[in-house]
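Structural characterization, general
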Amino acid sequence: MTSLCANSTIYSFNSNISLHSKNISVFNFMPPIKRNNVYSPYTIRCSNIQLSDPNYVTIFDTTLRDGEQAPGASMTAKQKMDIACQLAKLGVDVIEVGFPAASQAEFDLVKLVAQKIGNNMDEEGYVPMICGLARSTKEDIDRAWESLKYAKTPMIHMFIATSDIHMKYKLNMSREQVVKRARSMVAYARSLGFEHVRFSLEDATRSDKEFVYHIIGEVIKAGATCICVADTVGCNLPNEFAQLIVDIKANTLGIQNVILAVHCHNDIGLATANTLVGICAGVRQVDVTINGIGERAVNASLEEIVMAIKCRGKEVLSGLYTGINTKHIFTTSNMVEEYNGLKLQPHKVIVGVNAFTHESGIHQDGILKNRGTYEFIPAEDVGFIRATEHGIKLGKLSGRHALKIKMLELGYNFEEKQLGDLFWRFKSLAERKKNITNDDLRALILDETIQPQIGLTTWRYACKYYYFLSFLNFSPIDGRAYLMLQ
């Protein structure tokens, strides 16, 4: 039995391969480059890999390529350029910009990013690899080279389908033809000058395993430097996917000489889980997108993978880490959301508006005493800026403590008896109104402080006038409160 993570027994499988880093003996180590206060071995060299630390996980961002394939997510060239700049600031290791052979506009964008961002080395020596997608054809590879050759470290991402259903119905090719095509096109890409050739097995999780071992071995011999295993339709469960990675490592000739990567889709909600178990099984490059955008039910989300590694990498994942500057995550997420027009769910992990907001009274009380009671990840770690100091949203489940703090934020300090009276009227309003605004709270305060002094009849007329003016000014105050006064 072999543990997927060193010093961990989360997943275990029958296998003859040990996944401890001491078995990665073929890695030739090089001096690391410091980036974002960690040492980043982002450089990949020709037919051999040189890593300074086998615990480093490379982030391959495909927001601009696979992410834009989400229906309705197309962006302008300027918007994509802005996002590429932000990805570099975030610190991703590889930016997959697009598909150069798809159109002239796509070619021009890849070329521009290669020229501008692909040569913009910062003071710490970091510059992202610039990558372009290509089918296993000379025409695609030629276009990729012509657009990417301007980058300091260009990478071509080639692919071919390896499942029987794809080979029969899409490619109309036999297994032998697929292997021959893959092998010859990898060699052709190397002959043009690509030192970094990434080869993906499309629909690998529905492919015959023996065929997978064979074709990977052949493209490695032809010069591939990175092999990507794709769960193209997102059909694998975590134990299946982890076992596939373990089996590939145990049965593929030359696999120890290349970087192993995964590309997971989220069709049954397991893209993040499958990516993480792939990492545990020895994968050291992961395909991700900002906000998880992508085809169909989307891709593995950068923010989820990166924060899982940051928060649990040391304790559970045997010291794994990335080079991402997580404080730029929230800004990057907002930019992508604004540009592609795909609105995030409020409860989206890490970057949703509710991710660091609390409405339950028990939770609010805990947060007010110590944020760690209900926030495993500090909001500041991902650059989240709270709308209020405490991140509290008042609602029908809120408690007295939360109301008191909210009133203090608004500048009101009530004694306990006054607060008690105000609290029950607040609860009554919250039962009828979903979103409690600051104006609603001020109206409750006005009710508490003025009504006893001026009499009920005068108070009713005053409130009707107040709400009438509020409507004229398009106040968010609930109209039902006005109706109740009649």
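Above this note sits the structure.
In short, a report on the structure. Since the structure is predicted, the reported quantities are computational estimates derived from the model, not experimental observations.

So, on to the overall build of the protein chain. Along its length, the protein chain carries 16 helices and twelve strands. Burial status across the protein chain gives 54% buried among its 486 residues. For the protein chain, the share of sequence-separated contacts (at least 6 apart) that also reach a separation of at least 24 residues comes to 69%. Surface accessibility of the protein chain: about 21700 Å² in total, with carbon and sulfur atoms responsible for 53%.

So, on to the sheet that holds strand E10 (residues 226-231). Strands in a sheet are paired, the pairing made by backbone hydrogen bonds, and the direction either parallel or antiparallel. Here eight strands make up a closed barrel; going around it, the order is E5-E6-E7-E8-E9-E10-E11-E12 and the pairing parallel. Strand after strand, the sheet turns through a mean of 25 degrees between neighbouring axes, direction not considered. Alignment of strand E9 (residues 197-202) against E10, held across four bridges, turns out to be parallel. Counted as the bridge partner of Arg198 is Cys226 from E10.

To continue, consider the pattern of salt bridges. The full count for this structure, using the stated rule, is 19 salt bridges. Between Asp164 and Arg175 there is a salt bridge, and its shortest N-O distance comes to 3.3 Å. Here Asp164, found in helix H4 (residues 164-171), pairs with Arg175, found in helix H5 (residues 175-192); they are eleven residues apart in sequence, far enough to count as distant. Among the ionic pairs, Asp287 bridges to Arg198, the shortest N-O distance being 2.3 Å. One end of the pair, Asp287, is in strand E12 (residues 285-288); the other, Arg198, is in strand E9, and 89 residues separate them in sequence.

A separate point is the pairing of E9. Burial within E9 is extensive, with six of its six residues counted as buried. With burial as the criterion, each face of E9 is covered, one bearing Val197, Phe199 and Leu201 and the other bearing Arg198, Ser200 and Glu202. Note that strand E8 (residues 154-161) and E9 share six bridges and pair parallel. Within the sheet, the bridge partner assigned to Ile160 lies in E9 and is Leu201. One crossover worth recording links E9 to the parallel E10 by way of helix H6 (residues 209-222), and it is right-handed.

The class for Arg198 is buried, based on a relative accessible area of 0%. Side chain to side chain, Arg198 and His157 meet in a polar contact 3.2 Å long. Of note is the side chain of Arg198, whose polar atom sits 2.8 Å from the side chain of Gln285. Not counting the four nearest positions on each side in its chain, Arg198 is found in contact with Phe60, Met155, Ile156, His157, Met158, Cys226, Cys228, Ala261, Gln285 and Asp287.

Another aspect to go through is the environment of Thr326. Its place among the elements puts Thr326 in the loop between helix H9 (302-312) and helix H10 (329-340). For Thr326 and Glu380, which are 54 residues apart along the polypeptide, the C-alpha to C-alpha distance reads 9.2 Å. Every residue in contact with Thr326, bar those within four places of it in the chain, is listed here: Val306, Met307, Lys310, Asp381, Val382 and Gly383. Within polar-contact distance, the side chain of Thr326 engages the side chain of Lys310 at 2.9 Å.

Another aspect to go through is the pairing of E12. Neither face of E12 is open: one carries Gln285 and Asp287, the other Val286 and Val288, and all of them are buried. Where strand E5 (residues 58-61) lies against E12, four bridges are found, and the strand directions are parallel. Directly across from Phe60, in E12, lies its bridge partner Asp287. Of the pairings in the sheet, the one linking strand E11 (residues 259-264) to E12 comprises two bridges and is parallel in character. Looking across to E12, one finds that Ala261 is bridged to Gln285. Taken together, E11, helix H8 (residues 271-280) and E12 form a β-α-β motif whose crossover is right-handed.

Looking now at the packing of helix H1 (residues 77-90) against helix H2 (residues 104-116). Here H1 crosses H2 at 30 degrees, and the two axes come no closer than 11 Å. Our classification of the angle between H1 and H2 gives roughly parallel. Where H1 crosses over H2, the handedness of that crossing is right-handed. Here Ala77, Lys80, Met81 and Ala84 of H1 come into contact with H2, specifically with Glu106, Leu109, Leu112, Val113 and Lys116.

The rules behind each value
- Within every chain, residues take consecutive numbers counted from 1 along the sequence as written.
- The predicted origin of the model limits local features to residues at a pLDDT of at least 70 and limits the giving and counting of side-chain atom pairs to 80 or more, whereas totals for whole chains, interfaces and linings rest on all residues.
- For side-chain calculations, the full set of non-hydrogen atoms in the structure is used, while hydrogens and water are omitted.
- Helix and strand assignments come from DSSP, with helices taken as H or I runs of at least 4 residues and strands as E runs of at least 2, each series counted from the N terminus.
- Only protein chains enter the calculation, and the probe is 1.4 Å; a residue is then buried if its accessible area is under 20% of its type maximum, exposed if over 50%, and partly exposed in between.
- Two residues qualify as a contact provided that any one of their heavy atoms is within 4.5 Å of a heavy atom in the partner residue.
- Note on areas: these come from Shrake-Rupley sampling with a 1.4 Å probe, and a residue is covered only by the protein chains present in the view.
- One requirement defines pairing of two strands: DSSP has to find at least two bridges between them.
- To define axes, lines are fitted to C-alpha atoms, for helices over the stretch in contact only, and angles between the resulting N-to-C directions are given on a 0 to 180 degree scale.
- Note on definitions: salt bridges are taken to be side-chain nitrogens of Lys or Arg within 4 Å of carboxyl oxygens of Asp or Glu.
- Consider the strands pointing away from the viewer: the crossover is right-handed when the path from the first strand over the helix to the second runs clockwise.
- Side-chain atoms alone can form a polar contact between residues adjacent in sequence; in general such a contact is a pair of N or O atoms within 3.5 Å, and within protein one must be able to donate a hydrogen while the other accepts it.
- Oblique is the label for every angle not falling under 35 degrees (roughly parallel), over 145 degrees (roughly antiparallel), or within 65 to 115 degrees (roughly perpendicular).
- The hand of a helix crossing depends on one turn: near helix anticlockwise from the far one by less than a right angle means left-handed, and clockwise means right-handed.

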